[in-house]
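Chain and residue survey
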Amino acid sequence: MAPRPELGSDPAVPPPDLDGKDSKITESKDTLVLPAYSTVALVDPEPEVDPWQLPELQESGPKWSELDTKGKIFQVVTSVARFCLLLGFLYMFVCSLDVLSSAFQLVGGKAAGDIFQDNVVLSNPVAGLVIGVLVTVLVQSSSTSSSIVVSMVSSGLLEVQSAVPIIMGANIGTSVTNTIVAVMQAGDRNEFRRAFAGATVHDFFNWLSVLVLLPLEVATGVLYKLTKLLIDSFNIQTGQDAPDLLKVITEPLTKNIIELDSSVISDIAIGDPSARNKSLIKTWCKKQKITNLVNITVPSEANCTIGAPCWEINNETWTQQNVTETVNIAKCTHLFVSTDLPDLAVGLILLALSLLVLCTCLILIVKLLNSMLKGQVAVAIKKVLNTDFPFPFAWVTGYLAILVGAGMTFIVQSSSVFTSAITPLVGIGVISIERAYPLTLGSNIGTTTTAILAAMASPGEKLANSLQISLCHFFFNIFGILLWYPIPITRVPIRLAKALGDRTAKYRWFAIVYLILCFFVMPLLVLGLSIAGWQVLVGVGVPIVALLIFVLVVNIMQTRCPHFLVPMLRSWDFLPKPLHSLKPWDRVVTSVMGFCGAHCCCCCKCCKKGKADGENDEGLEKKKGLEMYDNPALCVEDEKIQTISGTHL
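Residues numbered from 1 in each chain as written. Predicted model: local features only at pLDDT ≥ 70, side-chain atom pairs only at ≥ 80, totals over all residues. Heavy atoms only, no water.

**A closer look at the packing of aromatic side chains**
To keep things clear, this is the line we draw: Only Phe, Tyr and Trp rings are paired, with Trp represented by its six-membered ring, and only when their centres lie within 6.5 Å; those with planes under 30 degrees apart are stacked, over 60 edge-to-face, the remainder tilted. Each residue is assigned to one of three classes by its accessible area relative to the maximum for its type, calculated with a 1.4 Å probe on protein chains only: buried under 20%, partly exposed between the two thresholds, exposed over 50%. Cation placement over rings: the criterion is NZ of Lys or CZ of Arg within 6 Å of the ring centroid and within 35° of the ring normal.
Evaluated as defined, the whole model comprises 10 aromatic pairs. Ring geometry for Trp509 and Phe510: centres 6.2 Å apart, planes at 80°, overall edge-to-face. For the pair Trp509 and Phe510, one class covers both residues: buried. An aromatic cluster is built from Trp395, Tyr399, Tyr437 and Tyr485, whose rings are joined through pairwise contacts. For Arg491, the ring lying beneath its charged end belongs to Tyr485, and the centroid distance is 4.1 Å.

**Examining the sheet that holds strand 2 (residues 310–313)**
To keep it simple, the criterion reads: When DSSP locates at least two bridges between a pair of strands, those strands are taken to pair. Runs of H or I in DSSP of at least four residues are treated as helices and runs of E of at least two as strands, each being numbered from the N terminus. Axis angles are defined between N-to-C directions and span 0 to 180 degrees, where every axis is a line fitted to C-alpha atoms and, for a helix, only to the segment in contact.
The three strands are arranged 1-3-2 in an open sheet whose pairing can be described as antiparallel. Two strands lie at the open edges of the sheet, namely strand 1 (284–298) and strand 2, each paired on one side alone. Recorded for the sheet is a direction-independent mean angle of 45° between the axes of neighbouring strands. As judged from the four bridges shared by strand 2 and strand 3 (residues 316–331), these two strands associate in the antiparallel manner. Bridge assignment links Cys310 to a residue of strand 3, and that residue is Thr319.

**Section: a nonpolar patch on the surface**
Rules: Residues enter a patch when their relative accessible area is above 30% and they make no salt bridge; the linking distance is 9 Å between like charges and 5 Å between nonpolar side chains (Val, Leu, Ile, Met, Phe, Trp, Tyr). For every accessible area listed, the method is Shrake-Rupley and the probe measures 1.4 Å; residues are considered covered only by the protein chains on display. The term salt bridge refers to a side-chain nitrogen of Lys or Arg lying within 4 Å of a carboxyl oxygen of Asp or Glu.
Nonpolar side chains collect at one region of the surface, where Phe389, Phe393, Trp395, Tyr399, Leu400, Leu403, Val404, Met408, Phe410 and Ile411 lie side by side and expose about 980 Å² of accessible area between them. Within the fold, Val404 resides in helix 13 (residues 395–412).

**Structural notes on the pattern of salt bridges**
For the structure shown, the criterion picks out two salt bridges. A salt bridge links Asp502 to Arg193; the nearest nitrogen and oxygen atoms lie 2.9 Å apart. In this pair, Asp502 is assigned in helix 17 (residues 492–506) and Arg193 in helix 7 (residues 189–220), connecting sequence segments 309 residues apart. When its relative accessible area of 34% is taken as the criterion, Asp502 is described as partly exposed. The residue Lys498 makes a salt bridge to Glu434 at a minimum N-O spacing of 2.7 Å. Here Lys498 is found in helix 17, whereas its partner Glu434 is found in helix 15 (residues 433–456), with 64 residues between them in sequence.

If you want it as structure tokens, here you go:
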């Protein structure tokens, strides 16, 4: 391409002759406006690619028919080895999630028990909601937080009506695990966009369901009354616990790393003072309770045991009573059974190790899947997972996916494990977010069915309360699905997750900010206001909620019907830029991370890579804008644009 003259150069110099022939410019007395010579037509514009479109899985190697016998054997052996490696990394991934849960319980388990002790705060529905979120995030298990609630209800410290908001909060807190897993895929921009959206669609479903159902429950008590009616209508007997198939597979490894006594947290929550000095780390794994008939002294004969002999010796009244003692038989065999370290130190060690194993396994799983999902097999898998049934039964596909998600979660006994396992598949483009959404909804149902079966195995005095709380959890998710799934226009969580995915793909540090704000800062802030009193909570919370609703309405009107707004509100440009754009914050974060990477460590390569990608994109746009020779007489406004350089002819 011919060199471009700079602005301010000799105006008598003609533009390069694109036809390759000599041309002469004849002078005239009248002003002659020369035509614009442009090379834009010679540059093929790159077609716009939808970032949410699933990538094409293409065959990179030779076809099966082109291979000889040796090549076919090698490919079969390689595929089997990759599949075995994938199963091994997946096993380590699930085990690291289990150890991560134990680490969180060691770090924050006793704090979670202390949070549950304030019954005055728990009577506030909003405070109960955020306590459910915080406790579930701290112990990384909605089953553990639900069991604590059941223990408190059974001991009379908490009413079932007050426990319903806590269960709603536990439903929100359990979605933090797959969000953490999605952050681990921040290396590739498009993969991160899809993975983070696939994880946060669970968050948005839970938050939106709470925004609708919590006020409805406070006003009408619909969940409490419905579950109470079911409990009273059926004569439910104590049964057996649900089979925990996943623990059968993972326990041989995890029980040799750490074993915890979760009953300590429940004892702290119900106010047992002796539990505060106990360690969560289990020392004796095999115990036996022995009941013996022993002689004891009582104040008088009226206090003698009924049916037991009663006698006096030296003016002392004696009787016999059954006393149960716990005898330690066998010690545990895990790594920390004889450690002198406190629970916090052991928890931090396990937290670091489990996160390291989790990240490593996730990276290797993604790379293995990328290498395996090629060719006709990948196309078939992609079609099976994302194709709808033919018309008029296309609507059945989503409900079938809900059943699949519920069944798989029932098998693995953990919604966190299931949603964390499908998050990398969404990231690499095997599962679309539209298909991951019903799978996630089914996972919510599956984890409540296992809780119902576990509640039915409770002893007689706890059966009714634990079963009612489990049914509240179940119907909360059922009502949420009825709100946000059957009608396509109501599938708001998908649109919100995609918008957040686009934002976090552009500013990857925002994913960490979202994680901290939604699961730590906001619940802690609401909890602090609740402790201060409901007057303070209403005085601070109502203006903030009103402001958020106003901003949401204005944003919708700016895109749909801006002519109904006053001119000032048709855009947010009247506000300082940090209040309506993340670019100033991005510069600050990038500078801080760059300083950290240069002077502290090399942990900021991801952010630097994201910035380089953005600069490359801007460079391409500038390159396209420079590849033209504009006639200044025909484009006056273009002189103001810095990305276009023209020549005065």
